[in-house]
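Close look at the chain arrangement
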Amino acid sequence: MRDQAGNQGGSDSFLSTGFCSWNKADRLDQHVGLDVNSFHNNAKRKCEDLIRQGQSIKHALHKQTDVVKNDYRIRLNASIDVSRHLLHQGLPFRGHDESEESTNKDESADASDKEQMAVVFRFVDKYGVVKERFIGVIHVQETSSLSLKSAIDSLFAKYGLSLKKLRGQGYDGASNMKGEFNGQRSLILKESSSAYYVHCFAHQLQLVVMAVAKKHVEVGKFFDMISVLLNVVGASCKRKDKIREIHRQKVEEKISNGEIKIGTGLNQELSLQRPGNTRWGSHYKTLLRLEELFSSIVIVLEYIQDEGTDTTKRQQAYGILKYFHTFDFVFYLELMLLVMGLTDSLSKALQRKDQDILNVISLVKTTKCQLQKVRDDGWDAFMAEVSSFSEKNNTGMLKMEEEFVDSRRPRKKTGITNLHHYKVDCFYTVLDMQLQEFNDRFDERRSLDHQLEIYLDNVKNDERFTDLKCLGDLARVMVETRKHLSHPLVYRLLKLSLILPVATATVERCFSAMNFVKTTLRNRISDMFLSDCLVCFIEKQVLNTVTNESVIKRFQDMSERRVHL
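Every chain begins its residue count from 1, and numbering advances along the sequence as written. Only residues with pLDDT of at least 70 are given local features in this predicted model, and only at 80 or more are side-chain atom pairs given and counted; all residues enter the totals for whole chains, interfaces and linings. Excluded from the side-chain calculation are hydrogens and water; included are all heavy atoms of the structure.

- Per an unreviewed UniProt entry, the protein is named TTF-type domain-containing protein, and its organism is Arabidopsis thaliana.

Here you go:
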C-alpha cells in the first residue's frame, strides 16, 4: 500500500490512469510537491538508494561496520602480498598432495610436453626509451608457419592490436620462421610489408663460431674430445667434488708461497661447467675453466684410468689423457680461447634489451677488425700463449722448423714444416673461416639517405645533444627537449631504427624462466595461468608498479562482493 499524497496532484495518473497534461507545467510541480518528504521525493530517494550498491537491499541485510571493512581490507592486502611474493619467485600457490589430511595441497604431477611460443614486444615508450616486454606464451598444436601465424593473429586480436602497425620481426634461423616463401616471416610480410625481418644477431654469431667446428676437422675433433671429457668427469658429482678439492689445495699452496694474491672476490671455488647447446658463450666459459683447472682435471683423469670400475670410462680417460699431452690440444685450446674471447664481448652486447641495430652493426664491424688484426699480426703473441701453457703443464711442444707429420698418415711425407701447417693451414684458415662467416651472415647494413639538414642545423649547436653514445640516447634527449614534436619525421625514423629486433635473447630467457615456473609438480597448470605467472615472474619491475589498491579495485569490480569497500 503506497503512502497518501494528500493534496499532491497527479498520484493516480502516474500509477494507473496515465498522464496527458504535459503542456501544463504546474501540474508537474504539483505532483512533486513542496515538502521534501513528499511522496515523489521519498520515492526518488528510495530509487537512488536501490541502485547504489552500498545502499542496496542485499547489502542492507549485511551492513558492515568500519571495523568489518577494515578487517576485510587487511585480509585482501595480505592475500595480495602473498600472491605477489609467490609470483616474484615463480613458486606454486599450493603443494602437491591433494589428500584430505594433507597440509600441502596442489595439483597432481604428470608428464606433459607442449609446444609453446613466447612473444616479446619491442617498442619505444613516450620518454624515448627502448623497452622489451614479455607478453606471454601461447600453446600451439604444431610448429608449422601457418599454425604459428594463427596463434599470433589470436594474440594480437586479444589485445586489440593490428599487424599493420608492426615494423619489425625477429626469430632464430629455423626454416618455419625465416623461410622466404612459406615461413612465418613471409606470412607476416604479406599482411604488413613494413615488418622488416632481422635474423637474430646472437643466433647468427653462434652459427659463425659453430661453422668453424663443422668445417675444420681438427677443431671438430677438439670439441669432440671436450664433450667426452665432460661425460667422464662432469657426469659424476664425486669427480667434480674431487676436482674442486684438488684445485682448492693448489690455490692454498700458491697463496702460502705468495704466487697469487688474496682479496674479496678472488680465488673463488671453480668447477668444470657443461656448455649449453643454444648458448655458444657457455662454451667459452667451459674452455676458460678447463685451462684454469687443467692440472686438477689431469689428476682426476689419472685416478679414473687407474682406479675406475667402469671399463668404458677408464678407456675414455686414457684417450683424453693421451690427447691432452699433444701439441694439437694446446694449440686448438688457445686458438678457440682467442677466437671466442674476441667474439664474447659482442655476444654479451647482443643480450642487452636496449641494444639498437646500428650499434650492433658497429660492434660487428669492430669484431671483424679485431679478428683481421689478429690474423695479420697475432701469430707471435698467440704462440707465446701456447708455449706458456705447455711449459706450465708439461705438455708436448714441437719444433716449428721440423717437417710436419700427419697423425692420420704418419708414414707419408707431407713436404711442409710444422710452422707452415699450424700457421697457414690452421691459424690462418680458422680465422679466415671466421671472417668469411661474419661477412656472409651479418649483412643487415642498409644505406638510408634522408633529408635531415634542418634537423642537423637545429641540434648541432645544442649542448644537450653532446656526448650521446647511441640512438637510444638521441631519442631520449629529443623527448626531453621536446624536439620530437618539432621534428616528428626524424623522431619516427629514430623509433623505427630502435624497434628493429636485434636478438631473441629476451625470448630465450622466457623459456629459461619457464623451467622455474612450470616444474614437474606443476605440469597440469593451464596455459593461460602459466602465461600469466610467467609475465609476473619475468616482468618483475612492471609487477612492482601495480599497487595493492588497484588490485583491490579490480577485484571488487569483477563481481558482486559481500563486503563493499
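What to know about the overall build of the protein
- Each helix and strand counted, the protein has 26 helices and 4 strands in total.
- Burial here depends on accessible area, computed with a 1.4 Å probe over protein chains only, as a share of the maximum for the residue type. Under 20% is buried, over 50% is exposed, and the range in between is partly exposed. When burial is assessed residue by residue, the protein has 40% of its 565 residues classed as buried. Secondary structure is summarised from DSSP: a helix means a run of H or I of at least four residues, a strand means a run of E of at least two, and numbering begins at the N terminus for each.

Things to note about unusual backbone geometry
- Positioned with a positive phi, Asn394 is a non-glycine residue whose angle comes to about 55 degrees.
- Considering the arrangement of structural elements, one finds Asn394 in the loop between helix H17 (379–393) and helix H18 (418–441).
- Classification of Asn394 by relative accessible area gives exposed; the value is 66%.

Some words on the confidence of the model for the protein
- As a per-residue quantity, pLDDT reports the predictor's confidence and falls between 0 and 100. Residue-level pLDDT values for the protein average 77, and 76% of them are 70 or greater.
- Between the elements of the protein, mean pLDDT differs from a low of 55, seen in helix H19 (residues 453–459), to a high of 92, seen in H17.
- Confidence over residues 444–452 falls short of pLDDT 50; this stretch has 13 contacts with residues more than four positions distant or in other chains. Residue contacts follow a heavy-atom distance rule, with two residues in contact if any of their heavy atoms lie within 4.5 Å.

Comments concerning the state of the cysteines
- For this text, the term disulfide refers to a pair of cysteine sulfurs within 2.5 Å. Counted under the stated rule, the structure contains 0 disulfides.
- Here Cys533 stays unpaired: no disulfide links it, and the sulfur of Cys536, its closest cysteine neighbor, is 6.8 Å away.
- Take Cys533: its relative accessible area is 4%, and that puts it in the buried class.

Focus: the pairing of strand S1 (residues 115–124)
- Whether two strands pair depends on DSSP finding at least two bridges between them. Judged from the 10 bridges that link them, S1 and strand S2 (residues 130–140) form a sheet pairing that is antiparallel. Within the sheet, the bridge partner assigned to Phe123 lies in S2 and is Lys131.
- Where S1 folds back onto S2 in an antiparallel hairpin, the turn is made up of 5 residues, including Gly128, whose phi is positive at roughly 80 degrees.

Quick notes on the packing of aromatic side chains
- For Phe, Tyr and Trp, rings pair up if their centres lie within 6.5 Å, where Trp contributes its six-membered ring, and each pair is then called stacked (planes under 30 degrees apart), edge-to-face (over 60) or tilted (otherwise). Evaluated as defined, the whole model comprises 19 aromatic pairs.
- Pairing Phe382 with Phe427 gives two aromatic rings, centres 5.2 Å apart and planes at 35 degrees, and the pair type is tilted. Of the two residues, Phe382 sits in helix H17 while Phe427 sits in helix H18, which places them 45 residues apart along the sequence.
- Joined through ring pairs, the aromatic side chains of Phe327, Phe331, Tyr332, Trp379, Phe382, Phe404, Tyr422, Phe427 and Tyr428 make up one cluster.
- Put simply, a charge is over a ring when the Lys NZ or the Arg CZ is close to the ring centre, within 6 Å, and near the line of the ring normal, within 35 degrees. The ring of Tyr428 is capped by Arg375, whose NZ or CZ atom sits 4.2 Å from the centre of that ring.
- Taking the ring centre of Phe537 as reference, the NZ or CZ of Lys540 above it sits at 3.8 Å.

Brief notes about the nonpolar core
- What we call a nonpolar core is a set of buried Ala, Val, Leu, Ile, Met, Phe, Trp, Tyr and Cys residues that are connected through their side-chain atoms within 4.5 Å. One finds Phe222, Leu301, Phe324, Phe329 and Phe331 to be the most contacted residues of the largest nonpolar core, which totals 64 residues.
- Residue contributions to this core peak at 13 residues, all from helix H15 (residues 327–349).
- Look past the residues within four positions of Phe331 in its chain and what remains in contact with it is Trp379, Phe382, Met383, Val386, Tyr422, Cys426 and Phe427.
- Of all hydrophobic cores here, the second largest spans 17 residues; its members include Val140, Ala151, Ile188 and Tyr197.

Quick notes on the environment of Thr343
- Along the chain, Thr343 turns up in helix H15.
- As a C-alpha pair, Thr343 and Gln206 span 137 residues in sequence and 9.7 Å in three-dimensional space.
- Among the polar contacts made by the side chain of Thr343, one reaches the main-chain carbonyl oxygen of Met340 at a distance of 3.2 Å. N or O atoms within 3.5 Å of each other form a polar contact, as long as, within protein, one can give a hydrogen and the other can take it, and as long as residues adjacent in sequence are counted only when both atoms are side-chain atoms.

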